[in-house]
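# Chain and residue survey
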Number of protein chains: 2
Amino acid sequence: MNPTACILVIGNEILSGRTQDVNVQYIARRLTELGITLAEVRVIPDQRAVIVGTVCDVRARFDHIFTTGGIGPTHDDITAPCIAEAFGVPWSVHPDSFRLLEAHFPPGEFNAARQRMATLPEGATPIANPVSVAPGFSIGNVHVMAGVPRIMQAMFEELAPTLRHGTPVTSRSWYALGLYEGALAEGLADIQDRHPSVDIGSYPFRRPDGRRGVALVSKGLDAAAVCHAADRVRELIERLGFTPAEGEPP
Amino acid sequence: MNPTACILVIGNEILSGRTQDVNVQYIARRLTELGITLAEVRVIPDQRAVIVGTVCDVRARFDHIFTTGGIGPTHDDITAPCIAEAFGVPWSVHPDSFRLLEAHFPPGEFNAARQRMATLPEGATPIANPVSVAPGFSIGNVHVMAGVPRIMQAMFEELAPTLRHGTPVTSRSWYALGLYEGALAEGLADIQDRHPSVDIGSYPFRRPDGRRGVALVSKGLDAAAVCHAADRVRELIERLGFTPAEGEPP
């Protein structure tokens, strides 16, 4: 069994619709490559009780928890103290991170607000931030990252080599223009029944030029079974009188 | 108190990173306009036990549940029977929806797979689909919509007039180029302390031309308090020697 993961997106700005999240897709793709199964994503508000309660809940149920958002210097950045509370440890200055940040700011500008960014749950390991210095951190199975996509991505890549990986998922896709889901559903269900170790997904699409079609994705840990199922999918498309194309629709 | 909402995004394609979700932001913005507080979003896989368990959990905790995805004709579209199971009712043909779909397809093409799209939990009310006919549905406080954004949006707009609304949130934003969060954090925390009914959020940004800054959003149900807090934010930006601009950064 591959390790499992849950992403917690912490941020009122996602829940109000102000901001389009793009971190989930980045992390999801990378976890798929690393053979870690993303089992759930939750978006929750910047509220102490909700963050603490959710972290306590999910960290017992998944192998890895990744959080994004709420680790900046302002009053609404409360993720770090909430994680400390969830783990029952003090939230205290991390000397190495303090020194790094102190050296980064011009004299007199490393104020109390910025010092909060060097304050971590006791026992946490910092995650280096090559973009803007202020670190993320890991404590237990919880990995705490920034919400700004460029910084989050840099932190994730610092973290990735340290994560327990699994077997990467094998995926093969075929698509066909002009084909509708309703026409192939029966044949596809039959292929799914014959390949229980493979997840076969059917995704209708509409290209910017208005042409429509369906993409059929076969995925699983057993590469041979995936290839076999994908071959049957290709044959099904041909049998219905359409032209299969490999990969994702352009 | 405004009514609360939770969105369940049902789809392996989001969890694998294949697809960038855009439905959450659409629904979130509309709920904000309608005075409904989006309290949580969960992304879960197309797995029967997870869908049923999650629906049972969240429908008791929020006033409205909106689901997206999994109501097409293929074998991986299992949302409707799972909702029926969560409500303990049969999943059975909805005669009006059956007739609508039957009339929509050419003779001989309304096959068993397409008939699934006219099969709803008993007691559900269809949500009209002006794009591609196959309906969504509401049962109790759970509103089940398509995953394809164009169809989801049309269904949401069919549904919106029937939802119990609340007081729309008042929001005022100021931003400043060249200003960093760490420089204003202390003054901002002071404004937040003096306006407990207002949520003040601080969001660093980086424009496509590389220029950076911070956006400061004051939000709440008490319009006068929001305006007052936003005025203090504007004054803070000026006091720090920067030029406040109203609205969201371009």
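Remember, predicted model here, so these are calculated numbers, not experimental data.

Turning to its location among the elements, B:Thr74 is positioned in the loop between strand 3 (64-68) and helix 4 (79-87). Take B:Thr74: its relative accessible area is 0%, and that puts it in the buried class. Of the polar contacts made by the side chain of B:Thr74, one reaches the side chain of B:Asp77; its length is 2.8 Å. Apart from the residues lying within four places of it in its own chain, the contact partners of B:Thr74 are A:Glu181, A:Leu184, A:Ala185, A:Leu188, A:Ser202 and B:Arg116.

A word on the interface of chain A and chain B. At the interface, 53 residues of chain A touch 53 residues of chain B. Three residues stand out in chain A for area buried against chain B, namely A:Arg18, A:His75 and A:Tyr203, and they jointly supply 15% of the buried area on that side. Our count for the chain A to chain B interface comes out at two salt bridges. Between B:Glu248 and A:Arg18 there is a salt bridge, with its nearest N and O atoms 2.7 Å apart. At the surface where chain A touches chain B, the tally comes to 20 residue pairs in polar contact (both at pLDDT 80 or more). Residue assignment for the side of chain A that touches chain B shows that the elements contributing at least two residues are helix 1 (12-15), helix 2 (23-34), strand 2 (37-44), helix 6 (112-115), helix 8 (181-194), strand 10 (199-206) and strand 11 (212-220) of chain A.

What follows is about the environment of B:Met152. All names here are of chain B. Inspection of the secondary structure puts Met-152 in helix 7 (residues 149-159). Given a relative accessible area of 0%, Met-152 falls into the buried group. On a C-alpha basis, the gap between Met-152 and Gly-69 in space is 8.7 Å, while along the polypeptide they are 83 residues apart.

Moving on, we get to the relation of the copies chain A and chain B. Superposing chain A onto chain B takes a rotation of 180° plus a shift of 0.0 Å along the axis, which leaves an RMSD of 0.0 Å. Such a combination of rotation and displacement between the chain copies is what one expects of a two-fold axis. Within chain A, the C-alpha atom positioned nearest to the axis of rotation is that of A:Arg42, 2.2 Å from it. When you check the interface residues of chain A against chain B, 100% turn up at the interface there too, and the contact is symmetric in its surfaces.

Quick notes on the rules
- Residues numbered from 1 in each chain as written.
- Chains lettered and ligands numbered in written order.
- Predicted model: local features only at pLDDT ≥ 70, side-chain atom pairs only at ≥ 80, totals over all residues.
- Heavy atoms only, no water.
- Helix = DSSP H or I, 4+ residues; strand = E, 2+ residues; numbered from the N terminus.
- Buried < 20%, exposed > 50% of the residue type's maximum accessible area, 1.4 Å probe, protein only.
- Polar contact = N/O pair within 3.5 Å; in protein donor to acceptor, adjacent residues only side chain to side chain.
- Contact = heavy atoms within 4.5 Å.
- Buried area = accessible area lost by both parts, 1.4 Å probe.
- Salt bridge = Lys/Arg side-chain N within 4 Å of Asp/Glu carboxyl O.
- Least-squares fit on C-alpha atoms with pLDDT ≥ 70 in both.

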